[in-house]
Amino acid sequence: MSPRRNRQRGAQPADHPGPGRYGLEITEEWRGEDWVVRQIGSAGAVKHYRCPGCDQEIPPGVPHVVTWPRYGDVDDRRHWHRACWNARNRRSARLQRSRNAPRY
Ligand SMILES: [Zn+2]
């Protein structure tokens, strides 16, 4: 085995999606932007996160989704309950309003 051929497998912590293309990612549109949505399984949920949809904590071990704007900063990523993400158009009242929110 050549030590040079070390692929990046295992190089990233589970809770750091990064811009790379790995894991199960889909793109959904929300508020006029493309958002990358990545499913986090129970094994990948190792920390407490705060869901912006319901403002409740997501405890470790709970499968959820992490999202970030495709053309934005990965540091903007947020962890959501799956149900809250699916219902984001109804629930996203105050979060996200700061960045180029359309005014209808
Ligand atoms: Zn939630």
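Residues numbered from 1 in each chain as written. Predicted model: local features only at pLDDT ≥ 70, side-chain atom pairs only at ≥ 80, totals over all residues. Heavy atoms only, no water.

Per the stated rule, a full pass over the model turns up five aromatic pairs. Here the aromatic rings of W30 and W80 are separated by 5.6 Å at their centres, their planes lie at 85°, and the arrangement is edge-to-face. In this pair, W30 sits in strand β1 (residues 25–30) while W80 sits in strand β6 (residues 78–80), placing the two residues 50 residues apart along the sequence. Accessibility classification places W30 together with W80 in one group, the buried group. Through a chain of ring-to-ring contacts, the aromatic side chains of W30, W35, W80 and W85 assemble into a single cluster. Lying over the aromatic face of W85, R88 brings its terminal NZ or CZ to 4.0 Å of the ring centre. (Phe/Tyr/Trp six-rings, centres within 6.5 Å; stacked < 30°, edge-to-face > 60°. Helix = DSSP H or I, 4+ residues; strand = E, 2+ residues; numbered from the N terminus. Buried < 20%, exposed > 50% of the residue type's maximum accessible area, 1.4 Å probe, protein only. Lys NZ or Arg CZ within 6 Å of the ring centre and 35° of its normal.)

This next bit is on the coordination of the zinc ion. Here the zinc ion is held by C51 (SG), C54 (SG), H81 (ND1) and C84 (SG), and the distances to it run 2.0 to 2.4 Å. Taken together, the four donor atoms surrounding the zinc ion define angles of 105 to 118° at the centre, an arrangement classified as tetrahedral. Read in sequence order, the donor residues coordinating the zinc ion give the pattern C-x2-C-x26-H-x2-C. Of this pair, C51 sits in the loop between β3 (49–50) and β4 (57–58) while C84 sits in helix α1 (residues 82–86), placing them 33 residues apart in sequence. Residue class for C84 comes out buried when judged on its relative accessible area of 5%. (Donors = N, O, S within 2.8 Å, 3.2 Å for Na, K, Ca; no water. Tetrahedral: all angles 85-135°; square planar, octahedral: opposite > 155°, others 65-115°.)

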